[in-house]
Amino acid sequence: MTTLQKIKDFDKVFNFGSYDGSVSLEEYRMTGGYEALRKVLQDPQAATEEICAAGLRGRGGAAFPAGTKLKMMQTNVETERYLVCNADEGEPGTFKDRFIMNHIPFQLLEGLTIAAILAGSSNAYIYIRHEYPAAQAMIRQSIAEAQAAGLLGENILGSGVSVNLKIFSGAGSYLCGEETAMLSSIEGKKGRPRVKPPFPIESGLWGKPTLINNVETLANIPVIIAKGADWYKGLGTKDSPGTKLISLSGDVRNRGLYEVPFGTTFREIIENYGGGMKEVYTLKAVNIGGASGVVVPPEELDCPMEYGVCAARGITIGSGAVYVMDERRSILDNVQNRVNFFLHESCGKCTPCREGLRQAIRIIERVLAGQATLKDLSNLERYTKCMQEASFCGLGQAAGNSLLSSLKYFRKEYEESCVDSAQNIRERGDMC
Amino acid sequence: MLKNVDVVINGETFNVPDNITIMEAARRNGIKIPSLCHFPDQRVKANCRVCVVEVEGSRNLVASCSTPVREGMKVRTTSARVRETVQTILELIFANHPQECLTCIRNENCELRQLAAEHGIREIKADMSTPLLPLDTSTAAIVRDPNKCIKCGRCAEVCHHVQTTGILYSHNRGLEGAITPEYGKTLSEVACVLCGQCVLVCPTGAIHEKDDTAQVWAALENPEKHVVVQVAPSVRVSIAEEMGQAPGTIATGKLVTALRRLGFDKVFDTDFTADLTILEEGNELLHRLKTGGTLPMITSCSPGWIKFIEHNYPEQLANLSSCKSPQQMFGALAKTFYAKQSGIDAKDITVVSIMPCTAKKYECTRPEMQSSGYQDVDYVLTTREFGRMLRQAGVNFSVLADSEFDNPLGMSTGAGAIFGATGGVMEAALRTVYEVVTGKELQKLEFESVRGLEGVKEAIVDLDGLPVKVAVAHGLGNARKIMEKIKDGTADYTFVEVMACPGGCIGGGGQPYLTRKETRMARMDAIYEVDEHMPLRKSHENPAVQQLYKDFLKEPLGEMSHHLLHTRYTKRGL
């Protein structure tokens, strides 16, 4: 547990208790849990303002201001409306939502209940991926307990307000983590993304206004309301207040989940939280943001984890997955793995994603087989840019991130495998 | 409330309504943005992405077909970034598309090939990965070539949302993604009605009519064969369009001349048997009213509709009129009455139909359709196939002189002509039934309430004190609405007309490509114009039909009619 205590307990948004068990409803309430809900029921307007003032941004990847989204929901006149919690944590290398659901389920449920009340949605869904049976069981049991305690369901805490929460299990598709594909999935349709606009906030589940938030985002809400926006803004930076859960994996000494204040550099995450590199090997590259994120060399790691700065430098914080590779790892293998992942998960709806990936994997296989040409590399770059520029949804747009960044930072590795690279021509001696 | 906004496209400011897309705003101002999955009468799909444009402030390019305009929006459609992306998307599609443009059935009018030309695709740098999937040639009407499918989804859209037949839809995902009938079955294994609306919207050669032109050329060349042709009502208002003229151009006389040039021995008119249908069907309706038969009676001219009801409402088959379609009545008469009259053995007569329809190809192969002892209609050509034959024969259609149909199966009235538009059969029947029932002359021939493109039209017609409630549906989605009411007993109609295709035959699956709402309207107006100029406009006044009864059939619903002009249906289910 020592690694979780890099920031003082008081400054933490999440208190996971012990890794082995979950924080029970009783324990959660003893440490101030559900006080925020009480406050919200007394003064919902102030609660909304607190969330806006805290500058909370969506933790699912897009980092949209959560308060703004909530207010957009409140201005809608339609009475039938929904809240959907996105717990389809499919981004490879990401395990933060699973931790929240398994260990602090009531913090999530409280946040979810508050968001539903503020959004005016008496019906809510939590879409949990099929691969998380333990989390589904934990949430199912916790819902029952919260309902029995009058904290969820009909007439919450005697207020007359109701929030009915249902669990919806995904069926294994990565794409269903994309918000509109998730809505289609809940409606019983094929899990494909929908045209935006209209955005879910205007026309979402069953065509009704729908607020969709990530697990981590919702779990932030009770703490913001309980401790206040000023306290929250004291964490992190002006651009990105609060903390982020980082799923740290790969060749670091201490792999695991860490709560890290925004503004911390990626190098600090690896050194201070991860305990540096495993064994004696040196750092070669870091993949930030999961399969849809970028691959960067050590030189980029002094970039602070902050939405604005990262965006400007082409780094995607995304879900907060940080995968560390040492010198023994092949960038090309890593990229091949990612492209195969997207090939498997692409829905095939739009041309750039479907056909771009079809071409990309062929070129990468040629590179790995030492049969590619430099022309292949420029084509790969072109197809990847096309995917990024013109794909229908975030999956296709992001599928090329690791390709483009690896081509930018590790081009040498690609070129070494090309039959017509200057070095290979020289070595073969077939230069005229 | 509708208001206008200023958008800047390629540096020029345009004032446009705020509820339209970038693509539409561009189109209205003379800027064509390429598109493949977009189709005017369909919902936005935004699959193909060739319509992407640059919008100031957007990180990525945006799809112009799905992005609404907003005040002050700055759009670029021709920047290097847009051009390169569009070219790359086209290149990616081509890399997975058979390079058979020279021999493809769509080589004259393929939208993909056209975009390649417009966007200067000179080289495909991507790996060619053309699939080698088997063609679906299981039906008599439609061929599906999955290799040429670009997954735009237009066919699935029309199949689900217009026709509600739900045959074609997208299966699997990623590279395995395909638009096919369920579980990769063939079209003959599912409840496809062969209406061909999917064919009409396909941008490439992925789904097309089964081409029968070679068989027709062979028959024309065969000295043993006496080849007669019949032309459906709606083809006279669409063949000129197929040959490059404006939609709605009437070309009845040129059409006859063109068919003679191709070498047909006799050029007859399906309008003749349309008139005959009115007499049989009108009398059937009166008979049902008198004897307490099953009501409402529903028309049976449209073979796609027949197949639809056989699959979807098999318990309701008794509602269908037992009359064959005009095409099949013609075939039966050509090989009996006409054979006898002309002294030609029926086995030596080849009957060819020029139809706006793909389902007609299937209809003529139905086992019931052999009343003459032979297959009554041998070959059916769509308007498009007819156009291809004319182009092959080098017929310069627009300069042809007019000529007249041959007799006796070429004589018709305006009532026969309007069969080509939704509501036309109903109107033609009412013109005759009114006069038969009341014994009075109808003062106003036009029944406006059953005309037009409204999906379901209802009217109450006063038959001299007897109010008769009728309904007209076109497009199978609308037909389904009426059938649900009939099924649950809430419909109080006496007579119902159903056409499988939107707009009726003028919007049939065999009509020229790019058929859409405006072209349907233009053809429909033309059909009513044809009617207006006919000397006779009521089926029962057709002297050739009267003579046919006198010499051959004797009386409507009589023994001979029963044998030649009526049919039965099959419960198919789903």
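Residues numbered from 1 in each chain as written. Chains lettered and ligands numbered in written order. Predicted model: local features only at pLDDT ≥ 70, side-chain atom pairs only at ≥ 80, totals over all residues. Heavy atoms only, no water.

Q: Explain the overall build of chain A to me, and be specific about the residues and the numbers.
A: A count of helical and extended segments in chain A gives 19 helices and 9 strands. Computed over its C-alpha atoms, the radius of gyration of chain A comes to 23 Å, within 12% of the 22 Å expected for a compact globule of 432 residues. A total of 432 residues make up chain A; the buried ones form 58% of that total. Here chain A displays about 16400 Å² of accessible surface, and carbon together with sulfur accounts for 51% of that area. Side-chain charges of chain A comprise 48 positive and 50 negative groups, with the mean position of each set lying 3 Å from the other. (Helix = DSSP H or I, 4+ residues; strand = E, 2+ residues; numbered from the N terminus. Rg over C-alpha atoms; globule rule 2.2 N^0.38 Å. Buried < 20%, exposed > 50% of the residue type's maximum accessible area, 1.4 Å probe, protein only. Areas by Shrake-Rupley, 256 points an atom, 1.4 Å probe, with all protein chains shown as cover. Lys, Arg positive; Asp, Glu negative; His and termini not counted. Charge placed at Lys NZ, Arg CZ, Asp CG, Glu CD.)

Q: So, the interface of chain B and chain A: which residues are in play, and what are the values?
A: Taken together, the contact pairs 34 residues of chain B with 33 residues of chain A. Summed over both sides, the interface of chain B with chain A buries roughly 2900 Å², with 48% coming from carbon and sulfur. Interface area lost by chain B to chain A is led by B:L92, B:R173 and B:L175, which between them contribute 24%. For the pair chain B and chain A, the number of links is 5 salt bridges. A salt bridge links B:D127 to A:R366, with the shortest nitrogen-to-oxygen separation between them at 2.8 Å. If you look at where chain B meets chain A, you find 24 residue pairs in polar contact (both at pLDDT 80 or more). Those elements that provide at least two residues to the side of chain B that touches chain A are α2 (80–95) and β7 (169–171) of chain B. (Contact = heavy atoms within 4.5 Å. Buried area = accessible area lost by both parts, 1.4 Å probe. Salt bridge = Lys/Arg side-chain N within 4 Å of Asp/Glu carboxyl O. Polar contact = N/O pair within 3.5 Å; in protein donor to acceptor, adjacent residues only side chain to side chain.)

Q: Can you break down the packing of aromatic side chains residue by residue, with the values?
A: What the rule picks out here adds up to 16 aromatic pairs over all chains. Geometrically, the ring pair formed by A:Y174 and A:F342 is edge-to-face, given 5.9 Å between the ring centres and 75° between the ring planes. Here A:Y174 is found in the loop between β3 (164–169) and α8 (179–186), whereas its partner A:F342 is found in helix α13 (residues 331–345), with 168 residues between them in sequence. Overall, A:Y174 belongs to the buried group, its relative accessible area being 14%. Accessibility expressed as a relative area gives 0% for A:F342, which makes it buried. Both rings, one in A:W231 and one in A:Y232, keep their centres 6.3 Å apart while their planes meet at 55°; by these two values the pair is tilted. By way of ring pairs, the aromatic residues A:F14, A:F16 and A:F99 are connected into one cluster. Directly above the aromatic system of B:Y362 lies the positively charged group of B:K307, at a separation of 5.5 Å from the ring centroid. (Phe/Tyr/Trp six-rings, centres within 6.5 Å; stacked < 30°, edge-to-face > 60°. Lys NZ or Arg CZ within 6 Å of the ring centre and 35° of its normal.)

Q: Go over the sheet that holds strand β1 (residues 4–9) of chain B, please, and point to the residues and values.
A: Residues and elements named next belong to chain B. Taking strand neighbours across the sheet as the criterion, the 5 strands line up as β2-β1-β5-β3-β4 in an open arrangement whose pairing is mixed. This sheet does not close on itself; its edge strands, each paired only once, are β2 (12–17) and β4 (62–63). Direction of pairing for β1 relative to strand β5 (residues 74–76): parallel, over a ladder of 2 bridges. By the bridge assignment, I9 is partnered in β5 with V75. (Pairing = 2+ DSSP bridges.)

Q: Explain helix α7 (residues 133–148) of chain A residue by residue, including any values.
A: All names here are of chain A. End to end, α7 covers 23 Å across 16 residues, agreeing with the expected 22 Å (1.5 Å per residue, within 8%). Residues A135, Q136, I139, S142, I143 and A146 constitute the buried set of α7. Taken around the axis of α7, the buried residues stretch over an arc of 135°, which confines them to a single face. Within α7, the exposed residues directed more than 90 degrees away from the buried face are P133 and A148. (Expected span 1.5 Å × (residues − 1). Arc of directions from axis to C-beta.)

Q: Quick rundown of the packing of helix α3 (residues 44–54) of chain A against helix α4 (residues 66–75) of chain A? Include the residues and the values.
A: Residue and element names in this part refer to chain A. Relative orientation of the contacting elements α3 and α4 amounts to 145°, with a least axis distance of 8 Å. Each of T48, E49, I51 and C52 in α3 lies in contact with α4, whose residues at this interface are G67, T68, L70, K71 and Q74. Taken together, the residues that form the contact of α3 with α4 break down as 3 nonpolar, 4 polar and 2 charged. (Axes fitted to C-alpha atoms, helices over the stretch in contact; angles between N-to-C directions. Nonpolar A, V, L, I, M, F, W, Y, C, P; charged D, E, K, R; others polar.)

Q: Can you tell me about the domain arrangement of chain B, naming the residues and giving the values?
A: All names here are of chain B. One can read the domain layout of chain B as domain 1 (4–93), domain 2 (131–210) and domain 3 (214–564). Its C-alpha centre places domain 2 at a distance of 27 Å from the equivalent point of domain 3. On the domain 3 side, the residues contacting the 19 residues of domain 2 number 30 residues. Across the domain 2 to domain 3 interface the summed buried area is about 1800 Å²; carbon plus sulfur atoms make up 55%. Contact with domain 3 buries area across many residues of domain 2, yet V193, L200 and E209 alone supply 33% of it, more than any other trio. In this structure, the connection of domain 2 to domain 3 is made through 2 salt bridges. Ionic pairing is found between R384 and E209, a salt bridge with its closest N-O pair at 2.8 Å. (Domains from an automatic or database assignment.)

Q: Describe the packing of helix α9 (residues 270–291) of chain B against helix α11 (residues 326–334) of chain B, naming the residues involved and giving the relevant values.
A: Residues and elements named next belong to chain B. One can describe the packing of α9 onto α11 by two numbers: an axis separation of 8 Å at closest approach and a directional angle of 105°. One way to sum up the angle between α9 and α11 is to call them roughly perpendicular. Of the residues in α11, those in contact with T270, F272, T273, A274, L276, T277 and E280 of α9 are P326, Q327, M329, F330 and L333. Residues belonging to the contact of α9 with α11 are distributed by class as follows: 7 nonpolar, 4 polar and 1 charged. (Parallel < 35°, antiparallel > 145°, perpendicular 65-115°, else oblique.)

Q: So, the sheet that holds strand β5 (residues 243–250) of chain A: which residues are in play, and what are the values?
A: All names here are of chain A. Taken together, 5 strands build an open sheet; the order of strands is β6-β5-β9-β7-β8 and the sheet is mixed. Among the strands making up the open sheet, the edge pair consists of β6 (256–261) and β8 (294–296). With strand direction ignored, the average angle separating the axes of adjacent strands in the sheet is 25°. In terms of strand pairing, strand β7 (residues 283–288) meets strand β9 (residues 321–326) through 5 bridges, oriented antiparallel. By the bridge assignment for β9, I288 is matched with V322.

Q: Please set out helix α6 (residues 105–119) of chain A residue by residue, giving values where relevant.
A: In this model α6(A) runs 21 Å from its N-terminal to its C-terminal C-alpha over 15 residues, within 8% of the 21 Å that 1.5 Å per residue would give. Of all the 15 residues making up α6(A), 15 are buried; the element is thus mostly covered by neighbouring parts of the structure.

Q: Please give an account of the nonpolar core that cites residues and values.
A: One finds A:Y414 and B:I22 to be the most contacted residues of the largest nonpolar core, which totals 83 residues. Looking at this core, the element that brings in the most residues is α2(B), giving 8 residues. Those residues within four positions of A:Y414 in sequence are excluded, and the remaining contacts are A:L332, A:V335, A:V367, A:L377, A:L380, A:L403, A:S406 and A:L407. (Core = buried A, V, L, I, M, F, W, Y, C linked by side-chain atoms within 4.5 Å.)

Q: Any details on unusual backbone geometry? Residues and values, ideally.
A: Geometrically, the link from A:K196 to A:P197 is a cis peptide bond, its omega value of -10° lying close to zero. Between B:N407 and B:P408 the backbone carries a cis peptide bond, its omega angle lying at 5°. Its location among the elements puts B:P408 in the loop between α14 (383–392) and α15 (414–417). Although it is not a glycine, A:A63 adopts a positive phi angle of roughly 60°. Looking at the element boundaries, A:A63 is found in the loop between α3 and α4.

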